[in-house]
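# A closer look at the structure
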Amino acid sequence: MEGLLKLWSETGIANFEFGQIVMIVVGCGLLFLAIRKGFEPLLLLPMGFGAILANIPNAGFTDPGGLLYYIYYVGIETGIFPLLIFMGVGAMTDFGALIANPKTLLLGAAAQFGIFFTLFGAIFLNVVPGMEFSLADASSIAIIGGADGPTAIFLASRLSPDLLGAIAVAAYSYMALVPIIQPPIMKALTTPEERQIQMQQLRHVSKAEKVLFPLAVLLMTILFLPSATPLVGMFCLGNLMRESGVVDRLSNTVQNELINIVTIMLGLGVGSKLEAATFLQIETLGILVLGAVAFSVGTGGGVLMAKALNRFSKEPINPLIGAAGVSAVPMAARVVNKVGLESNPQNFLLMHAMGPNVAGVLGSAVAAGILLALVGGS
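Predicted model, so just to flag it, every value in this text is computed and none were measured.

Turning to helix H21 (residues 350-375), a few remarks are in order. Over its 26 residues, H21 runs 37 Å from end to end, which matches the ideal 38 Å to within 8%, given 1.5 Å per residue. Burial runs high along H21: 20 of the 26 residues are buried.

What follows is the structure in structure tokens.
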């Protein structure tokens, strides 16, 4: 009888707490969104599975020496996984649209307004009981507005590791919901006539320009914002591999095998931070709300900047492309193209939207560097 009681005490049924059950349901919800709805499946699937593993009682996945513990410590706490993801994204990115139309760099910058708007919003939320966000916490939450999951994870792991799970879930959830969140904002801020504007074909960009561009970006970052060089530098390295044409094997590996392996590990590592004890807090609700505000304001900022540029530009600019200034590559650009085609079946905006879209990747990395420089040492 004593043996049976001991065996019973070791079962999951005897040790489950209500919060753990809730978080396993949340993990199953992430799996549903990934498998059934196709929302960011490459990350939500391992993240959801990691959340389930992290909340199994007596399994020890997140204890020192456990699998998820080592994945998080080696890859996320050190910042290695987000940096490798950035290198892979750089290798998959074509800067041609941005080089051909440099004005779109301003759209990527304007879309980062949501980050700094939400930074103050998070600070003001301190008046709400249970939502005492420090400046470091507010900075980590605000970066969600850049719609860049790896950047959000990188900054949160540096400034607010306790909030990493909620921030990562919010960042990737809103990235996945780009086709739902952005169109109403885009239509509310533009007229039917503006949405029908057709833009001129982009000029051809030479190989030399594409090779020199990542080097120029890296040099500017080194000179003016060294704290952003980890993210920007890895992004530029990946892009240089792509554009140089002399390391195709490395470029293909970074774009495929390496980024796939790191994505699996990154998802499991983030999922390990979705433990009931840390995730089921009122702060999590505040993070989700602020993340939505950040993303919405960023989208609106890009559209309004595009409207302003259109007034002074000799060549017509469709304000819709400003919404691609958030760095959800290439989903935001595809959403812009879809909304443009709904207004004008001859209005193909995809390549034009890729300019602000890749500018947004750089913009979010620069914003993270600014926040890290201002807050990281405080």
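Tracing the chain through its elements places aspartate 137 in helix H10 (residues 135-142). With no salt bridge to any partner, buried aspartate 137 finds its closest opposite charge in lysine 273, at an N-O distance of 12 Å. Setting aside residues no more than four positions away along its own chain, aspartate 137 makes contact with Glu132, Ser160 and Leu163.

As a further point, take the layout of surface pockets. To locate leftover empty space, one rolls a probe as large as a water molecule over the atoms. One number sums up the size of the largest pocket: a volume of about 880 Å³. Taken together, 36 residues line the largest pocket, and the ones lying closest to its centre are Glu40, Leu42, Val89, Met92 and Val329. Those elements that place two or more of their residues in the lining of the largest pocket are helix H4 (41-54), helix H6 (80-91), helix H12 (164-176), helix H17 (248-271), helix H20 (331-343) and H21. Here the element with the most residues in the lining of the largest pocket is H17; it accounts for 7 residues. The residue makeup of the lining of the largest pocket, split by class, is 24 nonpolar, 7 polar and 5 charged. If you add up the space inside the second largest pocket, you get close to 330 Å³. Taken together, 19 residues line the second largest pocket, and the ones lying closest to its centre are Leu98, Leu105, Ala359, Leu362 and Gly363. Mapped onto the lining of the second largest pocket, the elements with two or more residues apiece are helix H7 (96-100), helix H8 (104-110), helix H15 (207-224) and H21. The element that contributes the greatest number of residues to the lining of the second largest pocket is H21, accounting for 6 residues. When its residues are assigned to classes, the lining of the second largest pocket shows 16 nonpolar, 3 polar and no charged.

Looking now at empty space enclosed by the protein. Throughout the structure, instances matching the rule amount to 1 cavity of 30 Å³ or more. One number sums up the size of the largest cavity: a volume of about 70 Å³. What lines the largest cavity is Asp162, Leu163, Leu164, Gly165, Ala166, Lys273, Thr278, Phe279, Gln281, Glu283, Thr284 and Ile287. Elements represented by at least two residues in the lining of the largest cavity include exactly H12, helix H18 (276-279) and helix H19 (282-312). Partitioning the lining of the largest cavity into residue classes produces 5 nonpolar, 4 polar and 3 charged.

A separate point is unusual backbone geometry. Phi at asparagine 58 is positive, roughly 65 degrees, even though this residue is not glycine. Within the secondary structure, asparagine 58 sits in the loop between H4 and helix H5 (67-77). Since its relative accessible area comes to 51%, asparagine 58 is described here as exposed.

Structurally, isoleucine 180 is set in helix H13 (residues 178-188). Along the primary structure isoleucine 180 and valine 335 are separated by 155 residues, whereas in three dimensions their C-alpha atoms are 9.2 Å apart.

The next subject is a nonpolar patch on the surface. Taken together, Phe113, Phe117, Leu285, Val289 and Val293 make up a surface patch of nonpolar side chains, about 460 Å² in accessible area. The element that contributes the greatest number of residues to the nonpolar patch is H19, accounting for 3 residues. With respect to the helices, strands and loops of the structure, valine 289 is situated in helix H19. Classification of valine 289 as partly exposed rests on a relative accessible area of 47%.

Analysis parameters
- Residues numbered from 1 in each chain as written.
- Predicted model: local features only at pLDDT ≥ 70, side-chain atom pairs only at ≥ 80, totals over all residues.
- Heavy atoms only, no water.
- Helix = DSSP H or I, 4+ residues; strand = E, 2+ residues; numbered from the N terminus.
- Expected span 1.5 Å × (residues − 1).
- Buried < 20%, exposed > 50% of the residue type's maximum accessible area, 1.4 Å probe, protein only.
- Lys, Arg positive; Asp, Glu negative; His and termini not counted.
- Salt bridge = Lys/Arg side-chain N within 4 Å of Asp/Glu carboxyl O.
- Contact = heavy atoms within 4.5 Å.
- 1 Å grid on protein atoms, 1.4 Å probe; cavity = no way out; pocket = protein on both sides within 12 Å on 5 of 7 lines; lining within 4 Å.
- Points joined across faces, edges and corners; volume = space filled by probe spheres on them.
- Nonpolar A, V, L, I, M, F, W, Y, C, P; charged D, E, K, R; others polar.
- Patch = residues over 30% accessible without salt bridge, like charges linked within 9 Å, V, L, I, M, F, W, Y side chains within 5 Å.
- Areas by Shrake-Rupley, 256 points an atom, 1.4 Å probe, with all protein chains shown as cover.

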